[in-house]
Each structure stands twice: as structure tokens, then as C-alpha cells.
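# A closer look at the structure
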Amino acid sequence: MKKIFIITGEYSGDTHAAAVARHLRECSANIILEGIGGEQMEAEGVKLFRNHSKMGVVGLSPQIIIDHIKLGRQTADYILNEYKPDIVLLVDYGGFNLNLAHYLKKHHYEGKILYYIPPQIWASRKYRIKTVKKYIDKVLCIFPFEDEMYKEYGIDVHYCGHPLISQLPEKANREEFFERHGFNPEKPLVAVFPGSRKFELKYLMKLFIESAKTLQRKHPDLQVCFSMAPNLSDSLYYKYFKNCDFKVIKGENQALLSSADGLILASGTVALEAALYKTPFIIAYRAPWLFYLVYLVVRCIDKVSLPNIICNKMIIPELVQPKATHDNIVFEEERLLYDKKYREQQINELENVREKLSEKCSSAEAVKVIWETLAEENSKTC
């Protein structure tokens, strides 16, 4: 029996790791899967060493740091002394996973360490590529430009394609979606995605609500709704809506992204999802000023939105920190909705995003590399 230990740190990683686990089990029953993850991994038959529910916390408080260090040591001790897997598969969550890889190699872990969805070192802290080269046996990347970058540094890399290409649901039926939620199909709909973390709500929700109110006041036919991430509690989310009656839709991100006429998004993977659906959108983002100043120091590129990074040009308006103002959001969203030429231009540009990403099934491609690695190790011991 071959053994694999999978490590994720938040919801999106759990989704991608679960897809890998599913393909692994489809390939062979002669495998044992354990790891750190969430409900999706567990549903695919992965025995959880720890649930990662408390790992995706943003901040640098002493308690958060201590908790991560303790979990890292406990995980490493289990891998080295008890479970002893053939492969450790790291999925996203760069800070924790790179430190763990360092610790495992330092303490003579004998298996292979593979990294699926590696840290975005092309965006910030590029010095971490030295850590990847030293402690990761093979990188399974999801962007074509990552493949080129890792090869330049002499790192063993395989381009798997982006997970969203195979995992993203088809566009929702707009008429059915509007009818289900009581929207008027004859009027445009703007959907607002303020993020999935508490601090994002704190810094963005008031700004987004006031901007949405202004848009509706200036355009009475405009419908607005807010998307609520499934990991957020109702009590946390709805406290921001005491003085307004915008509709809130929870857990239907893809249907809402593909049915709306325009979007206001916090940055993140949701921007790539919107691009693949070819729904026009803008990015607006605020964070604590200290975080932003640190970001300015460590960043390697001047773009924050994945579609802009993939196409290597500004096709999506990015209103970040000082530019994330009520007036700017209203102006840019009005352009998307009511300037026909500008709207069509952005939609045409969004078509190029999919063309630049491979049509590979990313999780299946990752599993292919995992089996090849297991076969290579097996041949060495024969």
C-alpha cells in the first residue's frame, strides 16, 4: 500500500486537494490518504490528521503564530515517526507548507515532497524560489508563466493547467436564476463580492454598500445583490445591512457570477472565475495600511488581478487601497454597465484569459505526476 499525506490550509485548497484525492482513488484502491484539510477532502476518503478550519486566519498575532508552529511540529513528527508516507503533497498555503517542507528535509524525510498550486512567488517575495528549489522535489504549477519561471531556476516542474478550467460549473440559466431569487429579467443586475474573510468585510463592506446605494440612486432600474461566502456566519455578515435591504445570496457564487450584468469584486480567485464566465467586473480592495505597505515592498509585479496578470496588461480596473473610493467604484461600474463600447472591449479581452490557460484537467494531471513519482521510487527499491 502506498501512502500520501496531503496538506491544505483553507477552503479553496480543500476543494483542489479533494479533486486530487478523488482521482487517486479512481486510479487505484491500493493507496492510503491522510492529511490536513476540510470537509471536502474528508468526503473523498482522506483521513484528517487535523481539520484546517483555524489555519486560514489572517494576521500576525502571537497566538496565531504559536498555533501554526505547534501544528507544524505535530504534523512533521507524525509524518516522520508514525505515518511515514511515500509522498507529502503540499497544496497552496505557502507560508505553512514551505516551512514544513524545510523541517521535513532537515530531519531526513525519506519520501518525496510535491507542491501542487505553489506559492505565487511571481507576485511577491520572489526570494522564496530558493526555498522551493532546496526543499521541494517537484512543483505542479497551474499557470503557464510559472512553468517557464521554475525551469529558468532549474527546478523540476510540471504544468498541470488551472483547476478552474475543469472544476468551474457551466454558466447558470439566467432566467431560472432570476426567477428563483425574485429579480426582474428586464433590469440589469450588479453582484457584489466583498470577500470571504472577516477583515475583508471590515475594510470593504461599508464602502461597497455605500457605492451600491449610489448606483441604485442614480439608476433606479438597477438591481443589486451581495454574495455571501459559505464559510461566513449569517450574524457576522448581516450586521452590515442594518440600514439597507439589499438581497444577499449565500453559497451560489458561480451562478451569480455568470448571471449578473456587472460585478464589483474583492481580489482573489473569484476574479478568474468571473473572467472565465466573461462577466464584466472591476476589482476594489482595501486592507490595513501596514499590510499594504508591506505588500508594496515585497511585490514583484504591479498588477493584483489574475486576469491582468495572465494577459500581462490592464484589462480590468484595479482600485486598490487609496484608489478604492466610493466615487471611483461608482464611475468604473457605470462605465461597465452603460458604456457599450467599453463593455464590449472588456468582454473581448476576457475571452483571451481562457485561451492562455490550458484545457488540461489539472487534478488529473497532478495525479499522473504523483503516480509517475511513486513508480520511479518503486523502481529504485527493486
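Let me begin by describing the structure that accompanies this report. (Residues numbered from 1 in each chain as written. Predicted model: local features only at pLDDT ≥ 70, side-chain atom pairs only at ≥ 80, totals over all residues. Heavy atoms only, no water.)

### Quick notes on the overall build of the protein
Regarding its fold elements, the protein presents 17 helices and 13 strands. Counting only C-alpha atoms and orienting by the principal axes, one finds that the protein spans roughly 75 × 45 × 40 Å. Here the protein holds 382 residues, and 53% of them are scored as buried. Working note: accessible area of the protein is about 18,300 Å², and carbon and sulfur atoms make up 49% of it. Here the protein contributes 51 positive and 48 negative side-chain charges, whose respective centroids are spaced 6 Å apart. (Helix = DSSP H or I, 4+ residues; strand = E, 2+ residues; numbered from the N terminus. Buried < 20%, exposed > 50% of the residue type's maximum accessible area, 1.4 Å probe, protein only. Areas by Shrake-Rupley, 256 points an atom, 1.4 Å probe, with all protein chains shown as cover. Lys, Arg positive; Asp, Glu negative; His and termini not counted. Charge placed at Lys NZ, Arg CZ, Asp CG, Glu CD.)

### What about the packing of aromatic side chains?
Going through the model one piece at a time under the given rule, you end up with 18 aromatic pairs. Arranged with centres 6.2 Å apart and planes meeting at 65 degrees, the rings of phenylalanine 5 and phenylalanine 49 form a pair that is edge-to-face. Residue phenylalanine 5 is located in strand E1 (residues 2-7), and its partner phenylalanine 49 is located in strand E3 (residues 47-51); the two are separated by 44 residues in the primary sequence. With a relative accessible area of 0%, phenylalanine 5 lands in the buried category. By the ring-pair criterion, three or more aromatic residues cluster together here, those being Phe226, Tyr237, Tyr238, Phe241 and Phe246. Above the plane of the ring of tyrosine 83 lies lysine 3, whose end atom (NZ or CZ) is 5.0 Å from the centre. Geometry around phenylalanine 183 places lysine 247 over its ring, the cationic atom sitting 5.7 Å from the centre. (Phe/Tyr/Trp six-rings, centres within 6.5 Å; stacked < 30°, edge-to-face > 60°. Lys NZ or Arg CZ within 6 Å of the ring centre and 35° of its normal.)

### Some thoughts on the sheet that holds strand E12 (residues 281-285)
Pairing in this open sheet of six strands is parallel, and the strands run E10-E9-E8-E11-E12-E13 from one edge to the other. Edge positions in the open sheet fall to strand E10 (247-250) and strand E13 (318-320), since each of these has one partner strand only. Each strand axis lies, on average, 20 degrees off the axis of its neighbour in the sheet, ignoring direction. Pairing of strand E8 (residues 189-193) with strand E9 (residues 223-228), which is carried by four bridges, proceeds in the parallel orientation. Within E9, the residue paired with valine 192 across the bridge is phenylalanine 226. The sheet contacts of helix H15 (residues 326-338) involve E8, strand E11 (262-265), E12 and E13, and relative to E12 the element is tilted by about 170 degrees. (Pairing = 2+ DSSP bridges. Axes fitted to C-alpha atoms, helices over the stretch in contact; angles between N-to-C directions. Contact = heavy atoms within 4.5 Å.)

### Regarding unusual backbone geometry
Positive phi outside glycine occurs at lysine 84, with the angle close to 50 degrees. Here lysine 84 shows up in the loop between helix H3 (62-83) and strand E4 (87-91). Owing to a relative accessible area of 52%, lysine 84 belongs among the exposed residues under this scheme. Phi angles above zero are rare outside glycine, and asparagine 312 is one such case at about 60 degrees.

### Notes on the sheet that holds strand E6 (residues 138-141)
Here seven strands make up an open sheet; going across it, the order is E3-E2-E1-E4-E5-E6-E7 and the pairing parallel. Strands with a single pairing partner mark the edges of an open sheet, and in this sheet they are E3 and strand E7 (157-159). Sheet twist, expressed as the average angle between the axes of neighbouring strands with direction ignored, equals 20 degrees. In the sheet, strand E5 (residues 112-116) pairs with E6 via three bridges, with the strands oriented parallel.

### Things to note about a nonpolar patch on the surface
A surface patch of nonpolar side chains, amounting to about 300 Å² of accessible area, comprises Trp289, Leu293 and Leu296. What makes leucine 296 partly exposed here is its relative accessible area of 33%. (Patch = residues over 30% accessible without salt bridge, like charges linked within 9 Å, V, L, I, M, F, W, Y side chains within 5 Å. Salt bridge = Lys/Arg side-chain N within 4 Å of Asp/Glu carboxyl O.)

### With respect to the pattern of salt bridges
Evaluation of the coordinates by the stated rule reveals 17 salt bridges. Aspartate 137 is the partner of lysine 105 in a salt bridge, and the nearest nitrogen-oxygen pair spans 3.0 Å. In this pair, lysine 105 sits in helix H4 (residues 94-106) while aspartate 137 sits in the loop between helix H5 (129-135) and E6, placing the two residues 32 residues apart along the sequence. In this structure lysine 105 comes out as partly exposed when scored by relative accessible area, which is 24%. The class of aspartate 137 is partly exposed, set by a relative accessible area of 25%. Across the pair lysine 250 and aspartate 234 runs a salt bridge, and its minimum N-O distance is 3.3 Å.

### Concerning the packing of helix H9 (residues 198-218) against H15
Between two packed helices, the angle of one axis relative to the other and the distance separating the axes together describe the packing. Their axes nearest at 9 Å, the elements H9 and H15 cross at an angle of 50 degrees. Considering their axes alone, H9 and H15 lie oblique with respect to each other. Once H9 is placed against H15, the crossing between them reads as right-handed. Residues Leu207, Phe208, Glu210, Ser211, Thr214, Leu215 and Lys218 of H9 form the contact with H15, whose participating residues are His326, Ile329, Val330, Glu333 and Glu334. (Parallel < 35°, antiparallel > 145°, perpendicular 65-115°, else oblique. Left-handed = near helix turned anticlockwise from the far one by under 90°.)

### Points about the nonpolar core
Core analysis: the biggest nonpolar cluster contains 97 residues, and Leu89, Tyr116, Leu265 and Phe281 have the highest contact counts within it. Among the elements that line this core, the one with the most residues is helix H12 (residues 269-277), at seven residues. The next biggest cluster of nonpolar side chains, apart from the first, holds 36 residues, and it includes Ile209, Leu232, Ala266 and Ala324. (Core = buried A, V, L, I, M, F, W, Y, C linked by side-chain atoms within 4.5 Å.)

### What about the side chain of glutamate 34?
Looking at where glutamate 34 falls in the secondary structure, it is placed in strand E2 (residues 31-37). In this structure glutamate 34 is buried but unpaired, with lysine 47 as the nearest side chain of opposite charge at 4.3 Å. A polar contact of 2.5 Å, which involves the side chain of glutamate 34, links it to the side chain of tyrosine 78. The residues touching glutamate 34, leaving out its near neighbours within four places in the chain, are Ile4, Phe5, Ile6, Val46, Lys47, Tyr78 and Tyr83. (Polar contact = N/O pair within 3.5 Å; in protein donor to acceptor, adjacent residues only side chain to side chain.)

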